[in-house]
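Structural features, examined
So you can see what is in the structure, the chains are spelled out below.
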Amino acid sequence: MGKFEGKVAVITGASAGMGRSLAVELARRGAKLAICDLNAAGLEETARQCRALGAEMKVDLINVAERENVLTWADAVAEHFGAVHYVFNNAGIAFSGTVEKTEFKDFERVMDVDFWGVVNGTKAFLPHLLAAGDGHVVNTSSVFGLFSMPTQSAYNAAKFAVRGFTESFRQEMLFTKQPIKVTCVHPGGIKTDIAKNSTTADGDGLEAFNQLFDRIATTSADSAAKTILKGVERGDAKILVGYDAHALDLLIRLSGSSYQRAFAEIGGRLLPKNFLKK
Ligand SMILES: NC(=O)c1ccc[n+]([C@@H]2O[C@H](COP(=O)([O-])OP(=O)(O)OC[C@H]3O[C@@H](n4cnc5c(N)ncnc54)[C@H](O)[C@@H]3O)[C@@H](O)[C@H]2O)c1
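All figures in this text were calculated on a predicted structure; none of them were measured in a lab.

1. Focus: the side chain of asparagine 139
- Looking at where asparagine 139 falls in the secondary structure, it is placed in strand S6 (residues 135-140).
- The exposure class assigned to asparagine 139 is buried, which follows from its relative accessible area of 0%.
- If sequence neighbours within four positions are ignored, asparagine 139 has contacts with Asn89, Val118, Thr122, Val162, Phe165, Thr166, Thr183, Cys184 and Val185.

2. Digging into the side chain of aspartate 60
- Take aspartate 60: it is sitting in strand S3 (residues 57-61).
- Of the residues examined, aspartate 60 reaches a relative accessible area of 18% and is grouped as buried.
- Discounting chain neighbours no more than four positions away, the residues touching aspartate 60 are Ile35, Cys36, Asp37, Leu43 and Trp73.

3. Considerations on the sheet that holds strand S11 (residues 238-241)
- Read across the sheet, 7 strands follow the order S3-S2-S1-S4-S6-S7-S11 without closing on themselves; strand pairing throughout is parallel. Each edge of the open sheet carries a strand with a single partner, namely S3 and S11. Between one strand and the next, the sheet's axes are offset by a mean angle of 15 degrees, whatever the strand orientation.
- Here strand S4 (residues 86-89) runs beside S6; their pairing, made up of 4 bridges, is parallel. For asparagine 89, the partnering residue across the bridge sits in S6 and is asparagine 139.

4. A few points about the pattern of salt bridges
- Tallied over the full model, the rule gives 15 salt bridges.
- Across the salt bridge formed by lysine 105 and aspartate 106, the nearest N and O atoms sit 3.8 Å from each other.
- A residue is classified by how much of its surface remains accessible, and lysine 105, at 53% relative accessible area, is exposed.
- In this structure, arginine 163 and glutamate 167 form a salt bridge, with 3.3 Å as the shortest nitrogen-oxygen distance. Residue arginine 163 and its partner glutamate 167 are both found in helix H5 (residues 153-175); the two are separated by 4 residues, about one turn of the helix.
- For arginine 163, a relative accessible area of 25% translates into the label partly exposed.
- Judged by its relative accessible area of 36%, glutamate 167 falls in the partly exposed class.

5. Digging into empty space enclosed by the protein
- One pass over the full model with this rule turns up 1 cavity of 30 Å³ or more.
- The computed volume of the largest cavity comes to approximately 50 Å³.
- As for the largest cavity, its lining consists of 10 residues, and the residues nearest its centre are Gly97, Lys101, Ala201, Asp202 and Phe275.
- Tallied by class, residues from the lining of the largest cavity come to 2 nonpolar, 5 polar and 3 charged.

So, how was this worked out
Residues numbered from 1 in each chain as written. Predicted model: local features only at pLDDT ≥ 70, side-chain atom pairs only at ≥ 80, totals over all residues. Heavy atoms only, no water. Helix = DSSP H or I, 4+ residues; strand = E, 2+ residues; numbered from the N terminus. Buried < 20%, exposed > 50% of the residue type's maximum accessible area, 1.4 Å probe, protein only. Contact = heavy atoms within 4.5 Å. Pairing = 2+ DSSP bridges. Axes fitted to C-alpha atoms, helices over the stretch in contact; angles between N-to-C directions. Salt bridge = Lys/Arg side-chain N within 4 Å of Asp/Glu carboxyl O. 1 Å grid on protein atoms, 1.4 Å probe; cavity = no way out; pocket = protein on both sides within 12 Å on 5 of 7 lines; lining within 4 Å. Points joined across faces, edges and corners; volume = space filled by probe spheres on them. Nonpolar A, V, L, I, M, F, W, Y, C, P; charged D, E, K, R; others polar.

Set out below in structure tokens:
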């Protein structure tokens with residue numbers, strides 16, 4: 001019997017991309033699923049695919065940035081299934097813009113979804129995971145939680161924050177010997193619609209940014225989901241997704257802070273011209 005068979009897994013941001021692929025792969029492996037997203041049509045399609053594989057589903061329209069709704073949802077999921085074993089805090093949005101051009105509201109929006117969404121999901125489900133006695137929290141950061149790039153200050157801030165939050169939480173669980181495993185996921189470029197759904201500081205450069213993303217995102221969402229689940233099965237602290245993520249992680253660790261100057265140069269050359277003003 002597989003590790004996920006009969007277990008209850010929660011996935012945020014499951015209407016598309018890696019969230020959908022995680023849901024479908026977990027359904028294939030016999031998990032019961034609670035999925036949420038803002039996108040009703042996409043969420044229903046994910047649910048349809050999972051049900052076709054025999055999964056029991058709870059499907060809810062939830063904005064992970066709305067804390068009270070996440071707290072209520074967590075209780076409803078636990079009541080519906082009787083237990084919660086895995087929480088994949090996957091929902092996220094991308095945004096690009098220089099610090100100078102990015103409005104405060106855009107920094108806040110990215111932090112609300114990409115960072116607070118993860119904190120909300122972790123804390124809302126924590127009592128239920130502890131009650132289950134073998135819970136696992138899987139928080140999605142990014143390679144942008146390992147290194148910075150020009151125009152990514154908002155996204156970098158949120159993804160570095162997810163990493164810090166998740167690693168500290170893992171240490172607490174280890175030290176207190178509580179029965180919760182904690183994993184931080186750092187995908188490289190994954191072929192999803194995240195760039196198409198993204199926004200930029202003043203609407204500039206989105207098309208060029210999408211073209212760049214299409215060139216550098218080489219791992220499929222299905223393959224990413226399989227890599228994530230393999231790491232989760234092993235109880236890994238850190239999951240790197242894709243060859244690019246492994247190579248970049250090694251490069252950053254070897255180069256220390258000197259990567260910043262090199263990546264500023266590379267970023268400046270690769271990014272759409274109107275993103276970075278000289
Ligand atoms: N695609 C990549 O290259 C890549 C790389 C590194 C990290 N990531 C991270 O992986 C995660 C999944 O991204 P993806 O590439 O599958 O993107 P995606 O855009 O395909 O999927 C993200 C999902 O999250 C949902 N979502 C967005 N805001 C939400 C909110 N407030 N509440 C609930 N749902 C919300 C979207 O509707 C969408 O279904 C994100 O956290 C992203 O930052 C992606």
